Structures are given as structure tokens and as C-alpha cells.
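Take a look at the letters that make up each chain.
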Amino acid sequence: MFSVTVVRARMFSRRKKRKTRVEPRFEDRGRRRSAADFSVTAADRAAPPPARKRKPSGKKPAGKAASGTRRKPAARASAGRRRKTGGRGRGVLRGFVYWSFIACIWGGVALAGIIAWYGAQLPSASAWAVPDRPPNVKIIAIDGTLVTNRGATGGAAVGLHEMSPYIPKAVIAIEDRRYFSHFGVDPVGLARAMTRNLMAGGLVQGGSTLTQQLAKNLFLTPERTIGRKVQEVLLALWLEHEYSKEQILELYLNRVYFGSGSYGVEAAARRYFGKSARDVSLPEAALLAGLLKAPSRLSPNRNPERAERRAQVVLSVMGEQGLVSDSEMTAALASPAARANRYWSGAHHYVADAVMEELPQLIGEVRQDVIVDTTVDLYLQTAGETAIRAAIAEHGAARDVSQGALVAVDPTGAVRAMVGGVDYAASQFDRASQAKRQPGSAFKPFVYLAALENGALPSSVRNDTPVRFGNWSPENYRGKYHGPVTLETALSKSLNSVAAQLIMESGPGTVVRTAQKMGIASPLKANASLSLGTSEVTLYELTSAYVPFASGGYRAEPHLIRRVTTMDGKVLYERTDSPSRVLPPDLAGMMNQMMSQTVRAGTARAARFEHPAAGKTGTTQNGRDAWFVGYTAHLVTGVWFGNDDGAPMKNVTGGTLPAETWRDFMVAAHQGMTITDLPGYMPFNVIPKPRPEGFPFGPGRRPSAPVPGQGIPVADDRSPPSGAAARERVALPPPDRTVTSSTGAPRPQADVGATQGQSRTVLDVILGQ
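Predicted model, so just to flag it, every value in this text is computed and none were measured.

So, the overall build of the protein chain
Piece 1. From N to C terminus, the protein chain includes 23 helices and 16 strands.
Piece 2. Looking at the 769 residues of the protein chain, the share that counts as buried comes to 46%.
Piece 3. For the protein chain, long-range pairs separated by at least 24 residues make up 69% of all intrachain contacts whose partners lie at least 6 apart in sequence.
Piece 4. Working note: accessible area of the protein chain is about 38700 Å², and carbon and sulfur atoms make up 54% of it.

As for helix α8 (residues 265-273)
Piece 1. With eight of nine residues buried, α8 is to be regarded as a mostly interior element.
Piece 2. Every buried residue belonging to α8 is among Val 265, Glu 266, Ala 267, Ala 268, Ala 269, Arg 271, Tyr 272 and Phe 273, and all of these are buried.
Piece 3. Structurally, α8 contributes buried residues whose contacts are with α3 (166-175), α7 (245-255) and α9 (282-291).
Piece 4. Directly beyond the C-terminal end of α8, a positive phi value near 65 degrees is found at Gly 274.

What about the confidence of the model for the protein chain?
Piece 1. For the protein chain, per-residue confidence averages 79 on the pLDDT scale, and 73% of positions sit at 70 or higher.
Piece 2. Confidence, read as mean pLDDT per element, is least for helix α22 (residues 723-730) in the protein chain (30) and greatest for strand β16 (residues 636-642) (98).
Piece 3. Low pLDDT, under 50, characterises residues 1-9; the stretch is placed with 19 contacts to residues that sit more than four places away or in other chains.
Piece 4. Scored below 50 in pLDDT, residues 63-69 makes 12 contacts in the model with residues more than four places away or belonging to other chains.

What about the sheet that holds strand β3 (residues 136-140)?
Piece 1. Read from one edge to the other, the open sheet built from five strands follows the order β4-β3-β5-β11-β12, with strand pairing classed as mixed. Edge positions in the open sheet fall to β4 (146-151) and β12 (571-574), since each of these has one partner strand only. Neighbour-to-neighbour, the strand axes of this sheet turn through a mean angle of 15 degrees, independent of strand direction.
Piece 2. Strand direction decides the pairing type here: strand β5 (residues 370-374) and strand β11 (residues 561-566), joined by five bridges, are antiparallel. Looking at the pairing, Asp 373 lines up with Arg 563 of β11.

Details of the packing of α3 against helix α10 (residues 304-320)
Piece 1. One can describe the packing of α3 onto α10 by two numbers: an axis separation of 9 Å at closest approach and a directional angle of 90 degrees. As far as their axial angle goes, α10 and α3 are roughly perpendicular. Residues Tyr 166, Lys 169, Ala 170, Ala 173, Ile 174 and Glu 175 of α3 form the contact with α10, whose own contacting residues are Arg 310, Val 313, Val 314, Val 317 and Met 318.
Piece 2. Partitioning the contact of α3 with α10 into residue classes produces eight nonpolar, no polar and three charged.

Here we look at a positive patch on the surface
Piece 1. Together, Lys 293, Arg 297, Arg 306 and Arg 309 make up a positively charged patch on the protein surface.
Piece 2. By the secondary structure assignment, Lys 293 is in the loop between α9 and α10.
Piece 3. On the basis of relative accessible area, Lys 293 is assigned to the exposed category, the value being 51%.

A look at a nonpolar patch on the surface
Piece 1. A cluster of nonpolar side chains, contributed by Phe 101, Ile 105, Trp 106 and Val 109, occupies part of the molecular surface with about 460 Å² of accessible area.
Piece 2. Residue placement: Ile 105 occurs in helix α2 (residues 74-120).
Piece 3. What makes Ile 105 partly exposed here is its relative accessible area of 39%.

Regarding the packing of helix α14 (residues 444-453) against helix α17 (residues 508-518)
Piece 1. Between α14 and α17, whose axes approach to 9 Å, the crossing angle comes to 110 degrees. On the basis of their axis angle, the class for α14 and α17 is roughly perpendicular. In contact with Phe 446, Val 447, Leu 449, Ala 450 and Glu 453 of α14, α17 contributes Thr 510, Val 511, Thr 514, Ala 515, Lys 517 and Met 518.
Piece 2. Here the contact of α14 with α17 is composed, by residue class, of seven nonpolar, two polar and two charged.

Here's the deal with the pairing of β16
Piece 1. The buried fraction of β16 is high, at seven of seven residues.
Piece 2. Going residue by residue along β16, you find Val 636, Gly 638, Trp 640 and Gly 642 tucked away on one face and Thr 637, Val 639 and Phe 641 tucked away on the opposite face as well.
Piece 3. Note that strand β6 (residues 403-409) and β16 share seven bridges and pair antiparallel. Of the residues in β16, the one forming a bridge with Ala 408 is Thr 637.
Piece 4. The loop that links strand β15 (residues 625-631) with its antiparallel partner β16 comprises four residues.

Remarks on the sheet that holds strand β14 (residues 614-619)
Piece 1. The five strands lie next to each other as β7-β6-β16-β15-β14, forming an open sheet whose pairing is antiparallel. In this open sheet, the two edge strands, each paired with only one partner strand, are β7 (415-419) and β14. Neighbour-to-neighbour, the strand axes of the sheet open up by a mean angle of 5 degrees, direction not taken into account.
Piece 2. Along the sheet face, helix α21 (residues 657-669) touches β6, β7, β15 and β16 and points at about 140 degrees away from the line of β16.

Side note on helix α12 (residues 348-363)
Piece 1. Taking 1.5 Å per residue as the helical rise, α12 with its 16 residues ought to reach 22 Å, and the 22 Å between its terminal C-alpha atoms agrees with that figure.
Piece 2. At Glu 357, α12 shows its largest kink, close to 30 degrees, and the proline Pro 360 lies no more than four residues downstream.
Piece 3. What α12 keeps buried is the set His 349, Tyr 350, Val 351, Ala 352, Ala 354, Val 355 and Leu 359.
Piece 4. On the buried face of α12, the contacting elements are β3, β4, β5, α13 (378-399), β7 and β11.
Piece 5. At the exit of α12 stands Gly 364, carrying a positive phi of roughly 80 degrees.

Conventions we followed
Residues numbered from 1 in each chain as written. Predicted model: local features only at pLDDT ≥ 70, side-chain atom pairs only at ≥ 80, totals over all residues. Heavy atoms only, no water. Helix = DSSP H or I, 4+ residues; strand = E, 2+ residues; numbered from the N terminus. Buried < 20%, exposed > 50% of the residue type's maximum accessible area, 1.4 Å probe, protein only. Contact = heavy atoms within 4.5 Å. Areas by Shrake-Rupley, 256 points an atom, 1.4 Å probe, with all protein chains shown as cover. pLDDT = per-residue confidence, 0-100. Pairing = 2+ DSSP bridges. Axes fitted to C-alpha atoms, helices over the stretch in contact; angles between N-to-C directions. Parallel < 35°, antiparallel > 145°, perpendicular 65-115°, else oblique. Nonpolar A, V, L, I, M, F, W, Y, C, P; charged D, E, K, R; others polar. Patch = residues over 30% accessible without salt bridge, like charges linked within 9 Å, V, L, I, M, F, W, Y side chains within 5 Å. Salt bridge = Lys/Arg side-chain N within 4 Å of Asp/Glu carboxyl O. Lys, Arg positive; Asp, Glu negative; His and termini not counted. Charge placed at Lys NZ, Arg CZ, Asp CG, Glu CD. Expected span 1.5 Å × (residues − 1). Bend = angle between axes of the 7 residues up to and from the residue.

As C-alpha cells, this is what we get:
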């Protein structure tokens, strides 16, 4: 039997830390070792190890070990260790390169999968299209000047060649300096942004190009996810393929948000500087470009100091890139952008609100940019706003009045000015066209007109005395009564007793129909108290209802919009209706006669100025509302003062603050206008004498010719209606003593001065019977 043993050389090499290979040796266990024993040496191996090269050394070998190997010198061991370390380093490098290559392959596969996944969620590329810009409504005044822009964007689109050249330069400088050299995605800019963000330890610079920002604004939501970023890149590449750099930049500048509700450079320039984007200066362009980083936080309306600092950063970047000269830079830094007044502070926004409310009724849904030509005169609009604000500033605190409104309409029904409140920025509620209030005595002209239509004259006499209709007993202002008076005097002094008598003579239903014929659209309650203006109306409709008086009997629908066209001139709507006659000329002249007396010597004396004028004051109970609606041959204007909560005012009536404000406005409005008499107005040379005793003409009757001694006025230039018209009026049957209303029910009876057991109507009281 032979056995494998380990020679003592192995033990020796283990002590010397040497790793010499030990060959197996075979021998008979039962025999003693001898040189003749069978053994295997290294030379007997099938593939002997290659001979190692040894460096020459001056030292002699230290001798052979038991296994036949020699000891390595120290230099040889050190060189071996260095070769082993170098080989290990090269192996690590080779492994790193290998696995990096593998990782790139798999990363590319994963990236392609992500792109394919999120790209599949987008519509087909063949269906991609830039969505239409939200339509803009450009509102124009009567003289062609801009009132304002309305719509989702707040401004019209402006071509790149039309806007100030400083705007695109400033935006490119601060947002995407490599815009004209990248392909929609800027790897260099992205790497630069990542480096700066890492160094700053936070997000200080974005890597999106203008094209990517446009893609996000046009197609995507603002969420920050990997999927949205992938889709943004895909859409940016598509935009770059479909459009030129100039087109993309123009789209961007007309769509990007600049804060304060303004989208696009035109809206932003109007909002912040009160000018078009065509006229923006270098410091203004720098301020606009600076807003893009954080439109709300950097808005000059909220933080002007921060906005100005950001604008200076933009200017310095423009200088570094050579986009502006040194002289331009110096001038821009020396004169920063001057902001306009608050954008929403002008009263013209009340006009714009009314236009936007009416526009869909005329052209349907607004689907494209349109131009709306209005009837508004900006000079009159400003004059009205100034008058209302001045009155509140001077008398508001002392008289407990906080709000006012004004409407001016010409005889054709065109609204020339509309002020819905003191400050639009503080309150957008339009008190001119939306607030319904009791007009008080300003409603009385319709009561008197119904009486004239029923045959009365301005010289007709009624007894101004306390009266009662059922449970209602109207009282005059301060409880003062004047006895027998003409209708002209009663209207000029705003006597409530006479107005109540007239509505009972004509019938409340008749008065309602008369008011509606003149232009009152709000529901009216047909009762006796309507004579004192208890049904609520708006200032807009009440002023419009006075237009037939100023126009000689013609009613024209009040309107703000004259014409609507597209940007290329196509007419979508144009007003073509004409006024219609609602009053005969003689009745219009009589009403003008009576109401002009109100201005000359009645409750509206504070409204007098050099032009012939007429009108009527109105004050509601406890001074909650004060009105004056007056007119000349050129303009009809209504003024209201009060408080939104209905709180009473102190010592404010229609003849004080409203009449004074009306006069201030009308003086400014009539600058350069020819002094013209009111239509059909006749200056009378005889003052009617009240003669209630034996007054020969009952209500509903009218003489065909003046009766000497009865105080019937004689006209200077014309007589009262004669011929067929007069005969028609004379032929009216006398009223029944038992007067009935329009519904057929008996009218309330008057018990003033009646003895117990008697029942007399108001007509009996008037006629002294």
C-alpha cells in the first residue's frame, strides 16, 4: 500500500510564509524511506510552470528548502506585491467600465420604456395642434380710444415684430440664453442648472427652455411629475419641428402668465404701465421679464421693491450678454419703470362689465378676438367719476353717505357715461344698472304725464291739502301744504298730496303703463303709493325713461354697444334700430315746461347752469336714497347717492348733493356745446292763477281755447293744441263720480273735510263739492 504524506518542507515553508507548491510523494508505509522510493516532482507535471525571471542580485541564494525551492529575496517579494496590486487595480477599472456599459444599456432600455409609456398616454402626434388662444374682447370708446380689454387673457395678441424689441431680448436673456441654438431641450443649460442647484443645496435655477415652458402652458397641467416632464420634452421637440423659433417665441410671449390676471405681454403692459406692449421701454421690459420666475410673488402691485430688484438682475444679465449697450444700461438703471395707477380703480370697468354681460346676447358665445365699439365718451366717463368721487370726499363723512352713481344718456339712447360706484377696486357692484332702489319723487313725472294724457294742463289746479286713501295718508315734505296750486307748481315743489290725487284720477294701472311706455322695465305695483315712487327701479332705467322728454317725445332703447367686429373687420353685430315716438310733441313740451320750473325755482335750484334744463328730484323715507334726474337738449343724466346697507343719510335730499353733482358734471359735459332750448318748450308770459272755486273744467276735460280771466297761460310762440287734437281731448267724457281703478274695483274714497255720514271722492274734494 502506498500513502500520501506531506514532507517536512511543507512545515518549513509554512514557518517561512512561503507558498511553494509541494508535490505528493508515494511510499510504502511499512518500509523505511530511501532515495529509491517512488515520488513525483514538479518536473513530472503535464504542464510545468514557466520559469520566473529573476533580477540579478549580488547576494548568493540562501540555500534550498526541503522541497527544492529557494527563498525569495526582499526586493523580489516587494515587486510581486506591486505587480499584484497593479493587476487588482486594472481589474477593478475593467470591471467598472464593463458594468457601466451594461448599466447604460439597461438604462437606455428603461428610458425608452418610460418614454414609450408616457408618450402612449398622449394623443396621436398627427392630432397635435396648438390650441386657440382664449378670445380677447377689445372695448373701444366712441372716439376709437381703448376703454379696456376683457377675456381670459386680459389683452390682445401682439406680433413679435409689433411689440417693443426690448421684451423678447429681456425674456431670452433671463429665461433661455441659448434659445436660438438648442433644439427644444438644452442639455447644456440643464447640466448647468443641476450643478448650480447642487452647489446651492436647493432649487435656484430651472432647466426648462422657453419651448418646454410653452409646451407646458399649452398642453399640460402644472403638476411636477416624471410623466409630465417626459411629455413636456416630447411636446417641445414637436413644437421645434413644426414652428420656427420666431413663431414659438411669439406664441410664448402672448400666452405666458405675468401675474395680476394678465396673460401675454399686451395685457401685462396695460396692467402695470397703462400702455401697449408696443411702447414698453427697456426698464419696463426688464420688469416684465423678471416676473416670469414668480409672477405672483414678484408682482409690482404686491411687492414693488422686490420686482425692481429682479428687474435690475435682468438688466445686468442683458448687459453681460451684450443685448443692450452701456448707455442704454445706464439710462435704464437711472430711471426704473414707473407703474400706472391701480388697474382696477377706473369707473370705466363698470362699463366693461356691462358690455361683457350684454355681448353674448348679441353675438352668442365669444370664440375669437372681437372689437366692441361702444357709445361711451371717455371724457364724460372721467368727468362723471370725478364728480361722484369729489362729492363723497367732501361730504361723505359729514353726511353719512358712502356711495354714488351716475348715468348719462343722449337723446338717441346712447349711454355716454356710467359710473357704478365711488371705487371699482373696492367694490365691483354696479349701483347704476344693478341696484334697485325706490326713486321717490323722481317717479312723479310719469304720474303727471298720465294726468296730461288724461286731459289735464300744466295750469290745471289741485288743492294741496292732507288727503287719505284707505289707510294711507301721504304727507308733504316737512308737513307743509300750499292749498290750491297748479300742476306745474305742484311738480316743481314736489307736493306729495297732489301726486297722490293725480294717480287716483288717472288710475294706478294707467300710470304703470305710462311708465313702462317711457322705458321703465322693473315690475311696478299698481297702487296709490306708486305716485311717491315706492316701486324699486335702477338708475339706468329711470334715466333712460326721461329720454323721451329730452328728445321731444321719441323713445330710444338705451344701449352701450354700437357694433361688434372681428379682428379682420367682419361685422358680427351692428345696431340699426331707430327711436319711436311715444309722446306727442305738445305733451313733451308741457312736461318740459313743468320740469324746467323745477330747476328754475323748485326743488332742483342747485342744478341750474347756463343751458336750459329740466328734471326732477327724489328723496326716499328717512333720507336713505337721494336722486336727481335732469336733462338738456343734449344729454339726460341721473345721479343717485346713498349707502349700500340702506342706512339713512344726514341732510341729503335730491335737491342737495345729487343736484349739485349733476350740475358739476353737466357743466363739464356741455363745454363747447351750443345753448339750445328744450324740444317743444314754450316760455309762458302769464303765470297761471289758481281758481278752485267754480273751476269750469273737470278732470279729463280741457278747453279748446283760453278763457279770459281764468289764468290760462297764453303762449308767446304757439297756443295750446287746437283743431282735431283739441276737439278729441274735449270730447272725452267726464269722469264718473264713483271713480274706479283699472281693475274695475272702486277707488279709495277721500274723507278729508267730509261730514259724518257723507261719502265723497277725491274729485269732490278737488272740485269743492
